[in-house]
Amino acid sequence: MGNTERIPTHIAIIMDGNGRWAKALGKERYEGHLEGVNSVRECIKAARRNGVKYLTLYAFSTENWGRPIEEVNALMELFCKSVIAETPELIKQGVKVVMIGRRDRFSERVCSHLQQIEHDTAAGEDLTLVLAFDYSSRDEITTAVKSIAQKVASGQMALEDISEHTIAQSLYTASIPDPDFIIRTSGECRLSNFLLWQASYAEMYFTPVMWPDFKQEQFDKALEAYASRERRYGKL
Ligand code: IPE
Ligand code: IPE
Ligand code: MG
């Protein structure tokens, strides 16, 4: 690989282990989420420093709605607070925020914060920060299939015109290149409904480090592992 290929263009992270981190320290789960926000800040810095162009963070899955209401509310509140607190710094750092996931199940307050941060950071050119919030890959693919089927049924698109490209263009990630590198913290080795289509040739990295402990040093260590991978894409 050439030097530029040693740095992934797009890194996607499944930020997991906040609750277990807190439990191990005798703290409330919420404190794990709170420290997790510091990890987000650190990883944005490390991504920019390394010249990564896209950083996707799995912040809330569709399945996470099934957690106790107190935890869901606390996560929504933390999201709103963080958006307000971090936006000026994100703008300063040239970070553009893009949301992927459903938008129709949030409270008005959460929705307005989502729109606000996308609007306020739209001019950022250094790093695109993709936040997966109420995201489910199967739901994303199902929605894409429906929209394509509708176009075919109405005669707007011919059956023969359905291709990998048209499918990719119907996903939330239409304007975003596929992830090169997927990191999951906390020792779990699964995708949990994250970027199933987009991950087809991504390199995977599973670390036992809990998300609240995943700071710049851990990020750089993961990048070192990526640099040593050989990506063959089925060829020799
Ligand atoms: C990740 O940490 C944060 C979210 C899924 C929102 P968890 O809350 O899943 O923490 P663990 O996995 O229970 O330790
Ligand atoms: C995956 O973590 C979702 C996010 C990081 C937002 P979970 O903790 O929800 O996943 P499972 O339940 O361990 O698969
Ligand atoms: Mg978890």
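One numbering rule holds for all chains: residues counted from 1, following each sequence as written. In the order they appear in the text, chains get letters beginning with A and ligands get numbers beginning with 1. Owing to the predicted nature of the model, reporting of local features is limited to residues with pLDDT of at least 70; listing and counting of side-chain atom pairs is limited to 80 or more, with chain, interface and lining totals taken over all residues. Side-chain calculation: all heavy atoms of the structure are included, whereas hydrogens and water are not.

Draft legend 1. Local environment of the overall build of the protein chain. Numbering of helices and strands starts at the N terminus; helices are DSSP runs of H or I of at least 4 residues and strands are runs of E of at least 2. In terms of regular secondary structure, the protein chain is built from seven helices and six strands. Each principal axis of the C-alpha distribution contributes one length, and for the protein chain these read about 60 × 50 × 35 Å. Only protein chains enter the accessibility calculation, which uses a 1.4 Å probe; a residue is then buried when its area is under 20% of its type maximum, exposed when over 50%, and partly exposed in between. When each of the 236 residues of the protein chain is scored for burial, the buried share is 46%. Contact between two residues is taken to exist if any of their heavy atoms lie within 4.5 Å; hydrogens are not considered. Contacts in the protein chain between residues far apart in sequence, at least 24 positions, make up 77% of those at least 6 positions apart. Counted as positive: Lys and Arg. Counted as negative: Asp and Glu. His and the chain ends are not counted at all. In plain terms, the charge of a residue is placed at NZ if it is Lys, CZ if Arg, CG if Asp and CD if Glu. The protein chain carries 29 positive and 33 negative side-chain charges, and their two centres are separated by 2 Å.

Draft legend 2. Up close: the side chain of Asn-18. Mapped onto the elements, Asn-18 comes out in helix 1 (residues 18-24). Using a relative accessible area of 12% as the deciding quantity, one classes Asn-18 as buried. Apart from the residues lying within four places of it in its own chain, the contact partners of Asn-18 are Arg-29, Gly-32, His-33, Trp-211 and Pro-212.

Draft legend 3. Region of interest: the site of ligand 1. Lining the immediate surroundings of ligand 1 are 13 residues, of which Asp-16, Gly-19, Arg-20, Arg-29 and Arg-67 lie closest. In protein, a polar contact requires one atom able to donate a hydrogen and another able to accept it; more generally it is a pair of N or O atoms within 3.5 Å, and residues adjacent in sequence count only if both atoms are side-chain atoms. Note that an oxygen atom of ligand 1 is positioned 2.9 Å from one of the backbone N or O atoms of Gly-19. One nitrogen or oxygen atom from the main chain of Arg-20 is found 2.7 Å from an oxygen atom belonging to ligand 1. Contact with the protein chains removes 86% of the 380 Å² of surface that ligand 1 exposes when unbound. Here the shell around ligand 1 takes three residues from helix 1, the largest share from any one element. If a single non-hydrogen atom of a residue is within 4 Å of a molecule or strand, that residue counts as near it. Shrake-Rupley sampling with a 1.4 Å probe provides the accessible areas, and residues are treated as covered by the protein chains on show and by no other component.

Draft legend 4. Structural view of the pairing of strand 1 (residues 10-14). Counting buried positions over the five residues of strand 1 gives five, a clear majority of the element. In this structure, strand 1 lies alongside strand 2 (residues 54-61), joined through five bridges in parallel fashion. The residue bridging Ile-13 from the neighbouring strand is Leu-57, located in strand 2. Two strands are counted as paired when DSSP detects at least two bridges linking them. Of the strand pairs in this sheet, strand 1 and strand 5 (residues 181-184) are connected by four bridges, and their pairing is parallel. Looking across to strand 5, one finds that Ile-14 is bridged to Arg-184.

Draft legend 5. Highlighting helix 3 (residues 69-92). An ideal rise of 1.5 Å per residue puts 34 Å on 24 residues; helix 3 measures up with 35 Å between its terminal C-alpha atoms. Roughly 45° is the biggest bend found in helix 3, and it falls at Glu-86, with proline Pro-88 one to four residues downstream. Turning to helix 3, its buried residues number three or more, namely Glu-71, Val-72, Leu-75, Met-76, Leu-78, Phe-79, Cys-80, Ser-82, Val-83, Glu-86, Thr-87 and Leu-90. Packing partners of the buried residues in helix 3 comprise helix 2 (29-50), strand 2, strand 3 (95-100), helix 4 (108-120) and strand 4 (127-135). Trailing helix 3 by a residue or two, Gly-94 shows a phi angle of about 70°, which is positive. Each residue after the first adds 1.5 Å to the expected span of a helix. Bending is quantified residue by residue as the angle between axes fitted to the seven-residue window ending at that residue and the seven-residue window starting at it.

Draft legend 6. Structural context of the packing of helix 2 against helix 3. One can describe the packing of helix 2 onto helix 3 by two numbers: an axis separation of 11 Å at closest approach and a directional angle of 30°. One way to sum up the angle between helix 2 and helix 3 is to call them roughly parallel. The element helix 2 and its partner helix 3 pack so that their crossing is right-handed. Every residue of helix 3 that contacts helix 2 at Arg-29, Tyr-30, His-33, Leu-34, Val-37, Arg-41 and Ile-44 is listed here: Glu-71, Ala-74, Leu-75, Leu-78, Lys-81, Ser-82, Glu-86 and Leu-90. Axis angles are defined between N-to-C directions and span 0 to 180 degrees, where every axis is a line fitted to C-alpha atoms and, for a helix, only to the segment in contact. The scheme is simple: roughly parallel for angles under 35 degrees, roughly antiparallel for over 145, roughly perpendicular for 65 to 115, oblique for anything else. Helix crossings are classified by the rotation of the near helix relative to the far one: an anticlockwise turn of less than a right angle makes the crossing left-handed, while a clockwise turn makes it right-handed.

Draft legend 7. Structural detail: the site of ligand 2. Near ligand 2 you find Ile-14, Met-15, Asp-16, Tyr-58, Ala-59, Phe-60, Ser-61, Asn-64, Arg-67, Arg-184, Arg-190 and Ser-192, and these make up its full shell. The separation between an oxygen atom of ligand 2 and a polar side-chain atom of Asp-16 is 3.2 Å. Here an oxygen atom of ligand 2 and a side-chain polar atom of Arg-67 are 3.2 Å apart. Expressed as a share of its isolated accessible area of 390 Å², the protein-covered part of ligand 2 is 78%. No other element matches the four residues that strand 2 contributes to the shell around ligand 2. Three classes are used, and their members are as follows: Ala, Val, Leu, Ile, Met, Phe, Trp, Tyr, Cys and Pro are nonpolar, Asp, Glu, Lys and Arg are charged, and the others, Gly among them, are polar. Of the residues that constitute the shell around ligand 2, the class distribution is five nonpolar, three polar and four charged.

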